[in-house]
Amino acid sequence: MAAALARRVSGLLRPLSVSLCSKAPQLCKLSSLTRLPPVYSSAAAAVRAPLRAAACLTPRYNILQRVLPLIPGLTPQPSRSLTYFSVKKGKRKTVKSVTDRFMRLHCDLWIRRKAGYKKKLWKKSPARKKRLREHVFCSKTQGKLLDKMTTAFWKRRNWFVNDPYLKYHDRVNLKL
Amino acid sequence: MSFPKKTGGKALSALQNLPRITLANLRPEPGAKKPKTLRGRGQHGGNRSGRGHKGERQRGTRPRLGFEGGQTPFYLAIPKYGYNEGHSRRPQYQPLSLKRLQYLIDLGRVDPTQPIDLTQLVNARGVTVQPLKRDYGVQLVEEGADIFAAKINIEVQRASEGVIAAIEKNGGVITTTFYDPISLGIVIKPVPFFLRGQPIPKRMLPGEHMVPYYRDAENRGYLADPEKIQQARLALAQKYGYILPDISKDELYHMLSMRKDVRQIFFGLSPGWVVSMPEKKILKPTDEKLLKYYSSYV
């Protein structure tokens, strides 16, 4: 998206230098793998990808990136609607804002962070800061809304390795 | 003297004489199907058709889900946090409890006299692995460790210490191996793979982050030193307080010591071979370069 915008706006500013940092030294280092019978020693090859060309260091490009969000009409408005039937496949789509901010436990609970947990901490009391640092559950209506905004993929059971939330996916001692 | 009574009577003769039953001849019992009242067809002409009274509800112009009249909606007011960050790059392992494994062995779905592989578990429908959902195999879980009593040679992808202890206590052997996603797909469904007609590929070695796990003798990794594994077996027996049975004196020692090669996917089949299902033949490569490629460990 930023690249497309940069292309659109580069017409307004002077054309940027064509060969932006054309030097891209190819640094590939393959460590030779030793033959492994009986002890299969580590086969971790250190193949470093070619160094990314440092294209973002020219002063014009920096100004471009800072000015872009301020020009009205050039920053595209986000689309916040939920797609019930997609154009290509006819499927329901997830709202990505929800998956960026919330986590669904398999027991149908959603957890989130408190708003403002990293803002203006200097003026907040330690007790308030501690309350803001906690992870909190969402209410039933909020949970129902989030369930509607996500597809079934986000409701599946996951068995990650070293998952800190593994034990919270099941309710224990719940009496109805 | 009584006439032999014809069973069925009129119904049977009717069935024999009437034409063939088709959809055109069938009709439900009267009163069985009650048509439901459609929207807009109820009392007083349906009136508002279940849409309520005036406003956006009746007129169908309600805003999108989550909109709160212009106030920053709840799902945007909350700050972002990396709960689900990189979730599609995190490996997952389907759990298999020792209780379930014992259940499968007792019912005869899994044969303990042969090495137990992921293929055997999937054939027995003991676990369902989905490689497309970032599953990298099966992990053994400690539930049922106290009732577990079977001597097996099992190969899984992850196992905890308690599980290793439970299996070795009964005189079994456990190994943790790595299958890359393509090999995993092949191991789970071998027959569809053979029907494809492609040569069996080499199993890839684990990535940088998983190599320490599989090199560790504590986890019985397949890349670990066999002597260190033996020492780890003794140490674990001391830790959990059981006498380590000597498998070399076992009658099934040959079966228990069967292990796959690092690059092998199936027992008895090498990478590079083509299994032809319709002809029931195995085709092996003869070209030098192919043989060199398939037999190399690099």
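Identification of chain B as Large ribosomal subunit protein uL15m from Zoarces viviparus is taken from an unreviewed UniProt entry. For the record of chain B, the UniProt heading Subcellular location (unreviewed entry) holds the text "Mitochondrion". Quoted verbatim from the Sequence similarities (unreviewed entry) field of UniProt, the annotation for chain B is "Belongs to the universal ribosomal protein uL15 family."

The name that an unreviewed UniProt entry assigns to chain A is Large ribosomal subunit protein bL35m, with the source organism given as Zoarces viviparus. Turning to chain A, the UniProt annotation filed under Sequence similarities (unreviewed entry) states: "Belongs to the bacterial ribosomal protein bL35 family." Per UniProt, chain A carries the Subcellular location (unreviewed entry) text "Mitochondrion".

Asks: Got a sec to walk through the sheet that holds strand 2 (residues 135-141) of chain B? Specific residues and values, please.
Replies: Residue and element names in this part refer to chain B. In space, the three strands of this open sheet follow the order 1-2-4, with parallel pairing throughout. Looking at strand neighbours, the two that pair on one side only are strand 1 (92-97) and strand 4 (158-159), the edges of this open sheet. Here strand 1 pairs with strand 2 via five bridges, running parallel. Following the sheet pairing, Leu96 is matched in strand 2 by Leu140. Each of strand 1 and strand 2 touches helix 4 (residues 98-107); the most contacted strand, strand 1, lies at about 60° to it.

Asks: Now, about the interface of chain B and chain A: what can you tell me, with residues and values included?
Replies: Taken together, the contact pairs 36 residues of chain B with 42 residues of chain A. Each partner contributes to the roughly 3800 Å² buried at the junction of chain B and chain A, and carbon and sulfur atoms together form 66% of this total. It is B:Leu65, B:Tyr75 and B:Tyr83 that lose the most area in chain B upon contact with chain A, and together they represent 21% of the buried surface on that side. Counting across the interface, chain B meets chain A through one salt bridge. Linking B:Lys80 and A:Asp100 is a salt bridge whose minimum nitrogen-to-oxygen distance equals 3.6 Å. Counting the contacts that link chain B with chain A gives 11 residue pairs in polar contact (both at pLDDT 80 or more). Every element with two or more residues in the side of chain B that touches chain A is listed here: helix 3 (74-77), strand 1 and helix 9 (211-215) of chain B.

Asks: Which residues make up the sheet that holds strand 2 (residues 110-113) of chain A, and what values do they have?
Replies: All names here are of chain A. One open sheet holds the three strands; their spatial order is 1-2-3, and the pairing between them is antiparallel. In this open sheet, the two strands that pair with only one neighbour each are strand 1 (103-104) and strand 3 (135-137). Across three bridges, the pairing between strand 2 and strand 3 is antiparallel. Of the residues in strand 3, the one forming a bridge with Arg112 is Val136.

Asks: How would you sum up the UniProt feature "domain: Large ribosomal subunit protein uL15/eL18" (unreviewed entry) in chain B? Please name residues and give values.
Replies: UniProt tags residues 95-175 of chain B as "domain: Large ribosomal subunit protein uL15/eL18" (unreviewed entry). Annotated as residues 95-175 of chain B, this span is 31% helix and 23% strand, and its ends, taken at the C-alpha atoms, are 16 Å apart.

Asks: If you had to explain the packing of aromatic side chains to someone new, which residues and values would you point to?
Replies: The description of two aromatic rings rests on the distance between their centres and on the angle between their planes. Residue and element names in this part refer to chain B. Enumeration according to the criterion identifies 12 aromatic pairs over all chains in this entry. Judged by centre distance (5.7 Å) and plane angle (85°), the ring pair of Tyr214 and Tyr222 falls under edge-to-face. For the residue pair Tyr214 and Tyr222, the accessibility class agrees, reading buried in each case. Taken together, Tyr136, Phe178, Tyr213, Tyr214 and Tyr222 form an aromatic cluster joined through their ring pairs. Against the face of Tyr179 rests Arg203, its NZ or CZ located 4.6 Å from the ring centre. It is Lys260 that lies over the ring of Phe267; its NZ or CZ is 5.4 Å from the centre.

Each value, and the rule that gives it
Residues numbered from 1 in each chain as written. Chains lettered and ligands numbered in written order. Predicted model: local features only at pLDDT ≥ 70, side-chain atom pairs only at ≥ 80, totals over all residues. Heavy atoms only, no water. UniProt positions renumbered as here; feature names shortened; annotations may be inferred. Pairing = 2+ DSSP bridges. Helix = DSSP H or I, 4+ residues; strand = E, 2+ residues; numbered from the N terminus. Contact = heavy atoms within 4.5 Å. Axes fitted to C-alpha atoms, helices over the stretch in contact; angles between N-to-C directions. Buried area = accessible area lost by both parts, 1.4 Å probe. Salt bridge = Lys/Arg side-chain N within 4 Å of Asp/Glu carboxyl O. Polar contact = N/O pair within 3.5 Å; in protein donor to acceptor, adjacent residues only side chain to side chain. Phe/Tyr/Trp six-rings, centres within 6.5 Å; stacked < 30°, edge-to-face > 60°. Buried < 20%, exposed > 50% of the residue type's maximum accessible area, 1.4 Å probe, protein only. Lys NZ or Arg CZ within 6 Å of the ring centre and 35° of its normal.

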